[in-house]
Amino acid sequence: MFEWSRDWPINGHRSESTLPNCSFYFFFFFSARCSLFRYVPEMTGHMRIYGGEHPNQQILSRIATNDGHGENSSYFDGWKAYENDPFHLTGNPKGVIQMGLAENQLSLDLIQDWLKKNPQASICTGEGVSEFEAIANFQDYHGLPTFRKVLISTRNAELQLLVLTVQAIAQFMEKVRGGRARFDPDRIVMSGGATGAQETIAFCLADPGEAFLIPTPYYPGFDRDFRWRTGVQLLPIHCHSSNKFKITQAALETAYRKARNSHVRVKGILVTNPSNPLGTTMDRETLRTLVSFVNEKRMHLVCDEIFSGTVFDKPRYVSVSEVIEDDPYCDRDLIHIAYSLSKDLGVPGFRVGVIYSYNDAVVSCARKMSSFGLVSTQTQHLLASMLGDEEFTTSFLATSRTRLCRRRRVFTEGLKRVGIHCLDGNAGLFCWMDLRPLLKEATVEAELRLWRVIINDVKLNISPGSSFHCSEPGWFRVCFANMDDTAMQIALSRIKKFVYRENDAAVQAKNKRRWDDALRLSLPRRFEDPTIMTPHLMSPHSPLVQAAT
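In every chain, residue numbers begin from 1 and rise along the written sequence. Residues qualify for local features only when their pLDDT is at least 70, as the model is predicted, and side-chain atom pairs are given and counted only at 80 or more; totals for whole chains, interfaces and linings, by contrast, use all residues. The side-chain figures draw on all heavy atoms in the structure; neither hydrogens nor water molecules are used.

Novice: Can you help me understand the environment of Asp-333 in this one?
Specialist: In this text, helices come from DSSP runs of H or I with a minimum length of four residues, and strands from runs of E with a minimum of two, each type numbered from the N-terminal end. Note that Asp-333 resides in the loop between helix 12 (320–325) and strand 12 (335–340). Judged by relative accessible area, Asp-333 falls into the partly exposed class, the value being 35%. Residues Asp-333 and His-300, 33 residues apart in the sequence, show an inter-C-alpha distance of 8.1 Å. Working rule for contacts: check all heavy atoms of both residues, and any pair within 4.5 Å makes them a contact. Apart from the residues lying within four places of it in its own chain, the contact partners of Asp-333 are His-300, Tyr-358 and Asn-359. The rule is simple: take the accessible area with a 1.4 Å probe, protein chains only, and divide by the maximum for that residue type; under 20% is buried, over 50% is exposed, in between is partly exposed.

Written out as structure tokens, the structure reads:
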């Protein structure tokens, strides 16, 4: 391979190289003629001539060939193990049970019942097909304007829809938060799921190389959603089990100071509330600390609130929007919320994400960028009708919370019966399970060894804490809402057998150590001399004299 920098003689520019100009042009024209060489302009401005066949990293972009997507982790490896051997009650009863996917499947029957009663909500039914042309041919970066109570002009007629998407979503967000916060529909920007919402926010708030602080443990997908294509860094705010992984002022200051000492510009803080993977909610005081901190440092606060509708127990949920409404000194331009219907309604396949920003410039920019991830008008039309049904949404949220609470209680009680405990939680679709007593040593390597046994032998896909950047080995996230009762009981049965097996092995090892210690103590001290215990060796103190030859 030969390489020339941009300072070398190209198009008449002065060369500082010792390589003669004639040599450059010889190789340049030779490369154009010969298939063994190729001219490749790079992002850095260098030119390179490669010889022979070239691997992908030489012909594709850096983003296509790097590992910035974050999927080379045990978190996603668990998914692959499930996909290769998926559990099925009758078709594959010994397969891997998926407990690494945070889906809410406990209340889908309620949505199915609503759809049967409201077929006109879909343009793909006989009752709703009359609106097919208007909906199928309309696209807009802001969401359907008819869902803002205006008219859509079509070639056939004017279609006035009864409910608007953004207003319906704003009302639903308010209902989820108990009516204690208000949301302006004009500040809502639709996106292709929470993934699209997070990435758009990152693009709006930071440049490549700049950073956001994020408390650990955190959702592994953020390494892809927030970092991969934006080039933004995520720097940890280390939290610990000693205070149930709560964010403290000291931890914030330490993370911020470390970044500054490394000459990294911090543009904000990214948090999830309720927490993924902890299954806990932030108290009002913690949120006030965060709001005060970002105002003091003049940086942004992004709150991912996609699990806000899954809070099923006390303490009640407090949104950042509720906190800033009570703070007259907060600069609201620094506050942004990511939301989605994937978890609260259990419809991740609909790909409905929401960006809600108090910053006018961010709202404007996000709308322009939303063209890269629009929500289909068919989906908007359906959800506007569903979310506009006040009676249904009220009943759905109440029933969903009841079912989540019952499922978590049954699951954690099953774990307790075999000596496994979880962090106390009141929200989410998962538990933060403590398997530290099963580790041979308190290391990430030991955690991953245990995880491989659980994946390969126990056939459960649970996610190790190290994949969530947890600083304490032995914690695992286990999802409980993406399966039916039968599958959950089978999972608990597998865990029970595994724990009993591990406990028996530990008891046997302990008894063996006791036996060895007792045997050592019962033997006369002279038998501890290896030369005495070995019959083929003569004692070094033997008075016998060997025969001379």
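Novice: Is there a simple way to explain the sheet that holds strand 15 (residues 430–434) in this structure?
Specialist: Two modes of strand pairing occur in sheets, parallel and antiparallel, and in both the strands are linked by backbone hydrogen bonds. We treat two strands as partners when DSSP finds at least two bridges between them. Taken in spatial order, the four strands of this open sheet run 14-15-18-17, and their pairing is antiparallel. Two strands in the sheet have a free side with no partner beyond their single neighbour: strand 14 (421–422) and strand 17 (463–464). Taken together, the five bridges between strand 15 and strand 18 (residues 475–479) define a ladder with antiparallel strand orientation. Looking across to strand 18, one finds that Asp-434 is bridged to Trp-475.

Novice: So what exactly am I meant to see when it comes to the packing of helix 8 (residues 193–205) against helix 13 (residues 360–369) here?
Specialist: When two helices pack together, you describe them by how their axes are tilted relative to each other and by the distance separating the axes. Working convention: axes come from line fits to C-alpha atoms, limited for helices to the stretch in contact. Angles between N-to-C directions cover 0 to 180 degrees. For the pair helix 8 and helix 13, interaxial distance at closest approach is 10 Å and the crossing angle is 125 degrees. With respect to their mutual orientation, helix 8 and helix 13 come out oblique. Here the hand of the crossing between helix 8 and helix 13 comes out right-handed. Contacts from Thr-200, Phe-203, Cys-204 and Leu-205 in helix 8 reach Val-362, Cys-365, Ala-366 and Met-369 in helix 13. Per-class residue counts for the contact of helix 8 with helix 13 are seven nonpolar, one polar and no charged. Here roughly perpendicular refers to angles of 65 to 115 degrees, roughly parallel to angles under 35, roughly antiparallel to angles over 145, and oblique to all remaining angles. Helix crossings fall into two classes, left-handed where the near helix is turned counterclockwise from the far one by less than a right angle and right-handed where it is turned clockwise. For this scheme, ten residues count as nonpolar: Ala, Val, Leu, Ile, Met, Phe, Trp, Tyr, Cys and Pro. Four count as charged, namely Asp, Glu, Lys and Arg, and the remainder, Gly too, count as polar.

Novice: Just checking my understanding: could you explain the pairing of strand 15 for this structure?
Specialist: Side-chain positions along a regular strand alternate between the two faces of the sheet. Counting buried residues along strand 15, five of its five residues qualify, which places the element largely inside the surrounding structure. With two bridges connecting them, strand 14 and strand 15 associate as antiparallel partners. Its bridge partner lying in strand 15, Cys-422 is registered against Met-433.

Novice: So what exactly am I meant to see when it comes to the environment of Met-282 here?
Specialist: Residue position: Met-282 is located in the loop between strand 10 (266–272) and helix 11 (284–297). Since its relative accessible area comes to 13%, Met-282 is described here as buried. In this structure the C-alpha to C-alpha distance between Met-282 and Val-318, which are 36 residues apart in sequence, comes to 7.1 Å. For Met-282, the contacting residues outside a window of four places in its chain are Ile-247, Val-271, Thr-272, Asn-273, Leu-287, Leu-290 and Val-318.

Without other data, these values stay purely geometric and don't point to any function.
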